[in-house]
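Coordinates in review
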Amino acid sequence: MPPPALPILPYLSSESPTGTPSALTRKFGPETANYFSGSPLNRLSWLRSDHLFLRAAFSHPSAKFLLMNSLGPMVSSSKDDQSHLGFASVEDVKSLLGSGEEVFKSEEEVVKGFDSEEVFGKTTGGGRGERVVIFLGVELDDSPKGEGNTEKEDGQEGKGEVFEWKGFRGTPYFAVDVTPREADGEQGKAKVEELIKRMEGEGKGHVFLSASPRGMGLEAGHAAMYGQARALIDWNARNPFCAQCGQRTISVHAGTKRVCPPTDKGQDRAPCATRGTVSNLSFPRTDPTVIMAIVSADGTKVLLGRQRRWPQYWYSTLAGFQEPGESIEEAVRREVWEESGVTVGRVVLHSSQPWPFPASLMIGAIGQAVPGDGEKIFLGHDAELEDAKWFPLEEVKEALHKGASNMGESAPEGYVEGALRLPPQTAIANRLINAVVEGWWTMPKI
């Protein structure tokens, strides 16, 4: 299966009415858009706290729902083409979720009515379970208003043929975790299993993919939507308890915030600092991770490494988590030295990639090694790498054409056994290596 194309960002392809590149593009070159970025949706993030908006969007006939089973997305029914997400309708999910009024309440209502036994039960499977519904955004429709989509009277927002809210028109998208769980109780679990059965049945014929990034072949826009959904569903599932006080939390703002209620069934709970101060413990986390292609001092080679568990001949760029109190450039230099012993001088940022496995932001950089002893490889600091080597650019260029594929997949046609293997173009590592080979790092920059 050929790798999916990378995203094309429409707002970059029309930077000016005349088609002339912007001053920034002329200075720095075109922006790189990596896989899992480039969503076609406008997140309208300030409306996540507006329960009336969410109810209207959820209930509109045009609303689409991405179902996720064990974090794997539902895709279209074609066996030969699983590059497009499959979506359920509001009628499909009503039996599981209920009405928009039941799903989306104001934060005040949710907090005031919190009942841990009703939701979670005294024991596993004793409650109805927390079925989080994520608002992904609206695919905006820029076409003129047609008949049936005229200006709405008060109270009529969101009720036309095309969903419209305060001037925004388009198709609302949501994501729902439909993983069968014991915590849902017998009735809740049965509803989930019935929904999955209907979606996979002859009438719909959809299938659920694995949650692994390996072999992910979604087209770029759908991959970005899946990445957003996966990260938020996973974050909610991982954080059922307050990190400050250890008590149960509940999801609000369409899956983008968790609160620690002050009461449970009307009874006061133990104090918690998150209720009186602003705390990021209640919001989704993103882990910054640096990933870098390091060029030799003379510009003829690139540093690549491999881990023990990787397939034979497989190498990639070095990477590691950015630590608190550390700049991106400092993190690049530290990680490269710790893993390979190579000393890096100048560092330039290249691009970034959301990586929802589970919640990383890959910050891509290109650095250059310090001449002389700075280029010496030493693996004795950190045992993460099995090997690290300086590869000539010509060898790397050949590998980009004949040795790049998803880990675990066969090499492309033309690959010679024993030659270098590299990640596919859906990985930012591939884009960084490609940038080095193409000389991106030698372009005039500020």
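One can find the structure itself at the top, above this paragraph.
Cut-off values and rules
- Residues numbered from 1 in each chain as written.
- Predicted model: local features only at pLDDT ≥ 70, side-chain atom pairs only at ≥ 80, totals over all residues.
- Heavy atoms only, no water.
- Buried < 20%, exposed > 50% of the residue type's maximum accessible area, 1.4 Å probe, protein only.
- Helix = DSSP H or I, 4+ residues; strand = E, 2+ residues; numbered from the N terminus.
- Contact = heavy atoms within 4.5 Å.
- Expected span 1.5 Å × (residues − 1).
- Core = buried A, V, L, I, M, F, W, Y, C linked by side-chain atoms within 4.5 Å.

What follows concerns helix α12 (residues 428-437). Since the α-helix packs 3.6 residues into each turn, any two residues three or four apart lie on the same face. Of all 10 residues that make up α12, 9 are buried, and the element is covered over most of its length. The complete set of buried residues in α12 reads I428, A429, N430, R431, L432, I433, N434, A435 and V436. As for α12, its buried residues are in contact with β11 (287-295), β12 (301-306), β14 (344-355), β15 (360-369) and α11 (393-402). Downstream of α12 by one or two residues, G439 has phi in the positive range, about 80°.

For helix α10 (residues 328-340), which comprises 13 residues, the first-to-last C-alpha distance of 18 Å matches the rise-based estimate of 18 Å (1.5 Å per residue) to within 8%. Those residues of α10 lying buried are I328, A331, V332, R334, E335, V336, E339 and S340. For α10, the secondary structure elements touched by its buried residues are β11, β12, β13 (318-321), β14, β15 and β16 (387-392). Once α10 ends, the next one or two residues include G341, with phi positive near 85°.

Further remarks concern the nonpolar core. Grouped together as the largest cluster of nonpolar side chains are 31 residues, with contacts concentrated most on F53, F58, F65, L67, F135, F174 and V178. Residue assignment for this core shows that the elements contributing at least two residues are α3 (51-59), β1 (64-69), α4 (90-97), β3 (133-140), β4 (163-165), β5 (168-177) and α8 (185-200). When sequence neighbours within four positions are dropped, the list of residues in contact with L67 reads G72, P73, M74, A88, V93, V176, V178, L195, M199 and F208. With 25 residues, the next largest nonpolar core counts M68, Y173, L209 and I233 among its residues.

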